[in-house]
Amino acid sequence: MKIIARPFAGIMVLEPKCFSDNRGFFLESFELERYRAIGVIENFVQDNHSRSLKNVLRGLHFTRIKPQAQIVTVIRGRVFDVVVDVRQASSTFGKWFGTELGDAGPRQIYMAPGFAHGFCVLSDYADLHYKVSERYDPTDDAGLFWNDPGVGIEWPVDAPVVSDRDNAHPRIGSIAPV
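First, a word on scope: everything that follows refers to the structure included in this document.

Each value, and the rule that gives it
Residues numbered from 1 in each chain as written. Predicted model: local features only at pLDDT ≥ 70, side-chain atom pairs only at ≥ 80, totals over all residues. Heavy atoms only, no water. 1 Å grid on protein atoms, 1.4 Å probe; cavity = no way out; pocket = protein on both sides within 12 Å on 5 of 7 lines; lining within 4 Å. Points joined across faces, edges and corners; volume = space filled by probe spheres on them. Helix = DSSP H or I, 4+ residues; strand = E, 2+ residues; numbered from the N terminus. Nonpolar A, V, L, I, M, F, W, Y, C, P; charged D, E, K, R; others polar. Contact = heavy atoms within 4.5 Å.

Under the criterion given, the structure shown has 1 cavity of 30 Å³ or more. Forming the boundary of the largest cavity are Ser29, Phe30, Ile71, Thr73, Gln108, His129 and Lys131. Of all elements in the fold, only strand E7 (70-76) and strand E12 (125-132) reach the threshold of two or more residues within the lining of the largest cavity.

The structure is reproduced here in structure tokens:
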């Protein structure tokens, strides 16, 4: 496995070893010891799958009481994937990082606990797989406004399709501590 980028502490863009030929490809999307060797120490307890249509923007989501680590992989399609540091004691609090993920070149993004996550779909649709370190608890759901000028994310879509819930999230200056 190759680490493509480490934009700041707690974030890694990963490229698992992929075996390709004229039939397609094969890769191990997760192997415990390989991830431990690069510093991913969390125990992952749940896998999630989402499908979204072109121009859908989901996020920015996080959990406060039991912050989750995540490994996100795009199974089908292309997305612009974004993480925002919401750890208030961090020197990179409020900073964001974005990267394109897609099925053509299997890459993943790893987020340590304490990051908000979101993405917008660039292809006709996209299927995402999330490996998470905490079970979903609807009482622990939190979010950050996806277009907060205090964060300044440069989304690559002009008119994203956003849920009412995601449009109602607070700005970076008023989120509860993580």
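Moving on, we get to the layout of surface pockets. Here the largest pocket defines a volume of roughly 560 Å³. Taken together, 26 residues line the largest pocket, and the ones lying closest to its centre are Asn48, His61, Tyr130, Tyr136 and Asp141. Contributing elements (two or more residues each) for the lining of the largest pocket: strand E5 (46-53), strand E6 (57-63), strand E11 (115-121), E12 and helix H2 (164-167). Looking at which element gives the most residues to the lining of the largest pocket, the answer is E6, with 6 residues. Residues that form the lining of the largest pocket fall into these classes: 9 nonpolar, 13 polar and 4 charged.

This paragraph deals with the environment of Pro160. Secondary-structure assignment places Pro160 in the loop between strand E13 (141-143) and H2. Taking the C-alpha atoms as reference points, Pro160 and Leu60, 100 residues apart in sequence, are found 13 Å from one another. Apart from residues lying up to four places away in sequence, Pro160 is in contact with Asn55, Leu57 and Trp146.

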